[in-house]
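The lines below spell out each chain.
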Amino acid sequence: QVQLVESGGGLVQAGGSLRLSCLVSGTRFSDTAVNWYRQAPGKQRELVALIDSHGGTDYGNSVKGRFSISRDNAKNMAYLQMNSLKPEDTAVYYCNLVRWDLNRWGQGTQVTVSS
């Protein structure tokens, strides 16, 4: 059974940093793509960053230059390093694992940025 567990969320002041982690189990991690999404209250879920199986990355316009996605295939982990956080980054952040035969979501982790 494929499982994703996010961690690392919390409360941080504007300008601060957090690193989110996504631990994957139950499948071969190295041939998957990983997306990080976020959803703020009353808003649609938004793609924040993605990393493909080859390590290629892309970012949403609102986080470019501030966030960095990475993966460690040996540990079955994906990460989202978030710097220069803003109050508008407040949301529940979700890890999403994708392959041709797979589309799984984690339970989400809350990130709250105070002004």
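Reading the values: rules and limits
Residues numbered from 1 in each chain as written. Predicted model: local features only at pLDDT ≥ 70, side-chain atom pairs only at ≥ 80, totals over all residues. Heavy atoms only, no water. Disulfide = S-S within 2.5 Å. Helix = DSSP H or I, 4+ residues; strand = E, 2+ residues; numbered from the N terminus. Buried < 20%, exposed > 50% of the residue type's maximum accessible area, 1.4 Å probe, protein only. Salt bridge = Lys/Arg side-chain N within 4 Å of Asp/Glu carboxyl O. Phe/Tyr/Trp six-rings, centres within 6.5 Å; stacked < 30°, edge-to-face > 60°. Lys NZ or Arg CZ within 6 Å of the ring centre and 35° of its normal.

Asker: Sorry if this is basic, but what is going on with the state of the cysteines here?
Answerer: What we call a disulfide is simply a covalent bond connecting the sulfur atoms of a pair of cysteines. Scanning the entire structure with this criterion turns up one disulfide. Bridging Cys 22 to Cys 95, the disulfide has an S-S length of 2.1 Å. Across the S-S bond linking Cys 22 and Cys 95, the dihedral sits near -80°, which makes this disulfide left-handed. Placement of the pair is Cys 22 in strand 3 (residues 18-25) and Cys 95 in strand 9 (residues 91-99), with a sequence separation of 73 residues. Judged by its relative accessible area of 0%, Cys 95 falls in the buried class.

Asker: What is the right way to look at the pattern of salt bridges in this model?
Answerer: Side chains that carry opposite charge are capable of pairing whenever their charged atoms lie near each other. Summed over all chains, the structure comprises six salt bridges. When the shortest N-O distance is used, the salt bridge between Asp 31 and Arg 99 registers 3.1 Å. Separated by 68 residues along the polypeptide, Asp 31 in the loop between strand 3 and strand 4 (33-39) and Arg 99 in strand 9 bring together distant segments of the chain. By relative accessible area, Asp 31 is classed as partly exposed at 26%. Judged by its relative accessible area of 18%, Arg 99 falls in the buried class. We note a salt bridge from Arg 99 to Asp 101, for which the minimum N-O separation is 2.7 Å. When salt bridges with common partners are traced through the structure, they connect Arg 28, Asp 31, Arg 99 and Asp 101 into a single cluster.

Asker: I would appreciate a short explanation of the packing of aromatic side chains in the present structure.
Answerer: The description of an aromatic ring pair uses the distance of the two centres, along with the angle that the planes make with each other. Scanning the entire structure with this criterion turns up two aromatic pairs. Aromatic side chains Tyr 37 and Trp 105 sit 5.0 Å apart centroid to centroid with 50° between the ring planes, which places their arrangement in the tilted category. Of this pair, Tyr 37 sits in strand 4 while Trp 105 is found in strand 10 (residues 102-105), placing the two residues 68 residues apart along the sequence. On the numbers, 6.4 Å between centres and 80° between planes, the contact of Tyr 94 with Trp 105 is edge-to-face. One end of the pair, Tyr 94, is in strand 9; the other, Trp 105, is in strand 10, with eleven residues separating them in the sequence. Linked through ring pairs, Tyr 37, Tyr 94 and Trp 105 together constitute an aromatic cluster. Sitting over the face of the ring of Tyr 94, Arg 45 holds its NZ or CZ atom 4.0 Å from the ring centroid. Directly above the aromatic system of Trp 105 lies the positively charged group of Arg 45, at a separation of 4.7 Å from the ring centroid.

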